[in-house]
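# Remarks on the overall topology
What follows is each chain in one-letter form.
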Amino acid sequence: MSVFPRIAVVIPCRNDAPYLDECLRALAAQTRPPDEVIVVDNVSTDDSADVARRHGARVVTESLVGIWPAAARGYDEARGFDLIARLDADSRPHRDWIARIAQAFAADPDLGVLTGGSEFYGSTPLVRYLGDHWYIGGGTFWVKQWLGVPLVFGSNFAMRSRVWERVRDQVERTNPIIHDDLDLTIHLRPSDGVRYDPDLRMPVSARPFARPSALLRRVWRVIPTFAASWPEGSPWHRAHEAQSARPLRAADITWPAGGDVMTPEKRR
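Below you will find a few notes about this structure.

Analysis parameters
Residues numbered from 1 in each chain as written. Predicted model: local features only at pLDDT ≥ 70, side-chain atom pairs only at ≥ 80, totals over all residues. Heavy atoms only, no water. Salt bridge = Lys/Arg side-chain N within 4 Å of Asp/Glu carboxyl O. Helix = DSSP H or I, 4+ residues; strand = E, 2+ residues; numbered from the N terminus. Buried < 20%, exposed > 50% of the residue type's maximum accessible area, 1.4 Å probe, protein only. Disulfide = S-S within 2.5 Å. Right-handed = clockwise from strand over helix to strand, strands pointing away. Pairing = 2+ DSSP bridges. Phe/Tyr/Trp six-rings, centres within 6.5 Å; stacked < 30°, edge-to-face > 60°.

### Quick word on the pattern of salt bridges
- Under the counting rule described, the total for this entry stands at 16 salt bridges.
- Between D180 and R86 there is a salt bridge, and its shortest N-O distance comes to 2.9 Å. Of the two residues, D180 is situated in helix α7 (residues 180–186) and R86 in strand β4 (residues 83–86); the sequence distance between them amounts to 94 residues. Of the two residues, D180 and R86, neither departs from the other in class, the shared state being buried.
- Residue D108 pairs with R195 through a salt bridge whose shortest N-O separation is 2.8 Å. One end of the pair, D108, is in the loop between α4 (97–107) and β5 (113–121); the other, R195, is in strand β7 (residues 194–205), with 87 residues separating them in the sequence.
- One continuous salt-bridge network, built from bridges that share partners, spans E36, R58, R73 and E77.

Now the structure itself:
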């Protein structure tokens, strides 16, 4: 019989009290409530921390301003749980979000990371369409082609604590100007068991796309994100790493006339 995992939800937050209030209300209405909600107060000057405490969340503070520093602090705080789920202060999880995550991980012990798509709210229909299909949808398609694993969407994913333990000292967790979710994806491997579920949807505010300049700024951040961990994010580096990790097969061994076994390492 499957054992349902203990889940902590991490929410990085900086000056987002009204959005955070709605997010925490949605989490409180889950059909399967989280075991703990951790709000990372990223030096807010509004009442975000008070809002979080009022809803019963555990509040921790990260003094280095930036989404990666705040998110990483939250993941560290949740390391005692089986699963670390992540959304943002402006996310509005559907009532079965936690239940879907719990069921997926309970049913598949090889599943290490589960992520889903977006349902942008607010702004105009065109802006919402561009956010869903061009920004998130396009990123999901191209990152999978480039890296061989689905793009982890920072507003909608969960990972086993063991995955975070493996990558926490590899990611650029103190870099405040890169995409934290893309950087995390770059450091994931197919062996981590990364899955994209198109039915795991997350309503999230379209406010980052309200102005073309804001959207372009987010797209531009893809470049420094890859540059921060280059060449690890290159497909040839990942292909070589996968080849090196593959178990030796009989076809990899040649037998020269002298009888000395020539493995791929010796041939190099």
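### Looking at unusual backbone geometry
- Its identity as a non-glycine residue notwithstanding, N15 has a phi of 55°, on the positive side.
- By the secondary structure assignment, N15 is in the loop between β1 (7–13) and α1 (17–28).
- Given the relative accessible area of 31%, N15 is considered partly exposed.
- The backbone of V43 sits at a positive phi, close to 55°, despite the residue not being glycine.
- Among the secondary structure elements, V43 is positioned in the loop between β2 (36–41) and α2 (48–54).
- For V43, a relative accessible area of 36% translates into the label partly exposed.

### Re the state of the cysteines
- One pass over the full model with this rule turns up 0 disulfides.
- Cysteine C13 is unpaired, with the sulfur of C23 as its nearest cysteine sulfur at 8.9 Å.
- On the accessibility criterion, C23 (0% relative accessible area) is buried.

### A few points about the pairing of β2
- Summarising burial for β2: 5 of the 6 residues are buried, a large majority.
- Handedness of the β-α-β unit built from β1, α1 and β2 comes out right-handed.
- Taken together, the 4 bridges between β2 and strand β3 (residues 58–61) define a ladder with parallel strand orientation. The partner of I38 across the bridge, within β3, is R58.

### Some words on the packing of aromatic side chains
- Inspection of the entire model under this criterion finds 4 aromatic pairs.
- Aromatic side chains Y75 and F157 sit 6.3 Å apart centroid to centroid with 80° between the ring planes, which places their arrangement in the edge-to-face category. One end of the pair, Y75, is in helix α3 (residues 67–77); the other, F157, is in strand β6 (residues 157–160), and 82 residues separate them in sequence.
- You can call F157 buried: its relative accessible area is 1%.
- Taking 5.0 Å as the distance between ring centres and 75° as the angle between the ring planes, the aromatic pair formed by Y75 and W164 counts as edge-to-face. A residue pair is termed long-range when its members are at least 10 positions apart, and Y75 in helix α3 and W164 in helix α6 (residues 161–167) qualify at 89 residues. Here the two residues Y75 and W164 agree in accessibility, since each one is buried.
- Taken together through their ring pairs, the aromatic side chains of W68, Y75, F157 and W164 make up a single cluster.

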